[in-house]
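# A structural walkthrough
Residues per chain, in single letters:
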Amino acid sequence: MQVQKHARIANIRKLSRYFLFLTVLTMVIIAIGGIGFPIFLMTVSSGDLTVTEYLARAAIMDDGYFSLLKEGLSLQLKVVAGLAWVVWSAVIGLVLVHINQLLTCFHEGEIFNKKAIFHARRAFNINLIVVASMVGVDFLSILLSHIYPSNGNTGDVGHFIARIFDHLTWIGFFLLLLWSLEIGVDLNEEAELTI
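For clarity, every value in this text was computed on a predicted model and none was experimentally measured.

Quick look at the confidence of the model for the chain now. The predicted model of the chain has a mean per-residue pLDDT of 85, with 91% of residues at 70 or higher. Averaged over each element, pLDDT in the chain is lowest for helix 2 (residues 51-58) (82) and highest for helix 3 (residues 75-107) (93).

Structure, rendered in structure tokens:
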């Protein structure tokens, strides 16, 4: 039996239609946020909180990076945060484009083919870069919180390590899914050759 003609393909096609809608909606939200957040940053009250101080203090805050927006932000911090947000939004948008293309393959019933593998691999690789950059920013934040302690407080290293394990778990899960798709392509090609 050809793997591509399995009975569950109809269910995958139906479910992927809903996920296609969700990815398009998410892309629209990311695009609006990518444009809107830098504009919002320019309306935040001005102050003297620099990038270094912001990262050092964000590591000790319970709600992370956004609670410090109430304090006055320097122009340098506003520009760096706005540019970082635009780049992050563009990269996440690119990941969503590849996921959307992968789901389009699924919706067309072409699950185990090279085009689906290309989009899955590209989304995984870009997501891997995003996760690595997030871990890097978290590490820099923890490091700066120990160099410039705020009110005697420093960042929680245990929380940082737990976040790394969380990221590694998700990366491992998605890597297994990618490998499963690649094995499915190999099995499908072998099934076609035996017939």
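The structure having been displayed, the exposition proceeds.
The subject of this paragraph is the nonpolar core. Ranked by size, the top nonpolar core spans 17 residues in total, and within it Leu 102, Phe 106, Ile 111, Phe 112, Ala 120 and Leu 181 carry the most contacts. Put simply, the parts of the chain that give this core at least two residues each are helix 1 (9-43), helix 3, helix 4 (114-147) and helix 5 (157-194). Among the elements that make up this core, the one with the highest residue count is helix 4 (five residues). Sequence-distant contacts of Ala 120, that is, excluding residues within four places in its chain, are made with Leu 102, Leu 178 and Leu 181.

Now for the packing of helix 3 against helix 4. Relative orientation and spacing of two packed helices are given, respectively, by the angle between their axes and the distance between those axes. Where helix 3 contacts helix 4, the two axes come as close as 8 Å, and the packing angle between them is 155 degrees. Here helix 4 runs roughly antiparallel to helix 3, going by the angle between their axes. Of the two possible hands of crossing, helix 3 and helix 4 adopt the one that is left-handed. Seen from helix 3, the contacting residues are Trp 88, Val 91, Ile 92, Leu 94, Val 95, His 98, Ile 99, Gln 101, Leu 102 and Cys 105; seen from helix 4, they are Lys 115, Ala 116, Phe 118, His 119, Ala 120, Arg 122, Ala 123, Ile 126, Asn 127 and Val 130.

Turning our eyes to something else, we now look at the environment of Glu 108. Positionally, Glu 108 belongs in the loop between helix 3 and helix 4. C-alpha separation for the pair Glu 108 and Ser 16, spaced 92 residues apart in sequence, amounts to 9.3 Å.

Let's shift gears to the pattern of salt bridges. Following the criterion strictly, the structure yields three salt bridges and no others. A salt bridge links Glu 189 to Lys 114, with the nearest nitrogen and oxygen atoms 3.2 Å apart. On the criterion of sequence distance, the pair formed by Glu 189 in helix 5 and Lys 114 in helix 4 is long-range, its members being 75 residues apart. For Lys 114, a relative accessible area of 57% puts it in the exposed group.

Bringing the side chain of His 167 into the picture now. Tracing the chain through its elements places His 167 in helix 5. Excluding residues that lie within four positions of it along the chain, His 167 makes contacts with Val 131, Met 134 and Val 135.

Before going further, it helps to examine the packing of aromatic side chains. By the definition in use, this model includes seven aromatic pairs. Here the aromatic rings of Phe 37 and Phe 40 are separated by 5.9 Å at their centres, their planes lie at 40 degrees, and the arrangement is tilted. One end of the pair, Phe 37, and the other, Phe 40, are both in helix 1, three residues apart, so they sit about a helical turn from each other. Considering the side-chain rings of Trp 85 and Trp 88, the 5.2 Å spacing of their centres and the 35 degrees angle between planes classify their relative orientation as tilted. With Trp 85 and Trp 88 both in helix 3 and three residues apart, the pair spans about one turn of that helix. Overall, Trp 88 belongs to the partly exposed group, its relative accessible area being 34%. Every member of this aromatic cluster is reached through a ring pair, and the members are Phe 37, Phe 40, Trp 85 and Trp 88.

Criteria and thresholds
Residues numbered from 1 in each chain as written. Predicted model: local features only at pLDDT ≥ 70, side-chain atom pairs only at ≥ 80, totals over all residues. Heavy atoms only, no water. pLDDT = per-residue confidence, 0-100. Helix = DSSP H or I, 4+ residues; strand = E, 2+ residues; numbered from the N terminus. Core = buried A, V, L, I, M, F, W, Y, C linked by side-chain atoms within 4.5 Å. Buried < 20%, exposed > 50% of the residue type's maximum accessible area, 1.4 Å probe, protein only. Contact = heavy atoms within 4.5 Å. Axes fitted to C-alpha atoms, helices over the stretch in contact; angles between N-to-C directions. Parallel < 35°, antiparallel > 145°, perpendicular 65-115°, else oblique. Left-handed = near helix turned anticlockwise from the far one by under 90°. Salt bridge = Lys/Arg side-chain N within 4 Å of Asp/Glu carboxyl O. Phe/Tyr/Trp six-rings, centres within 6.5 Å; stacked < 30°, edge-to-face > 60°.

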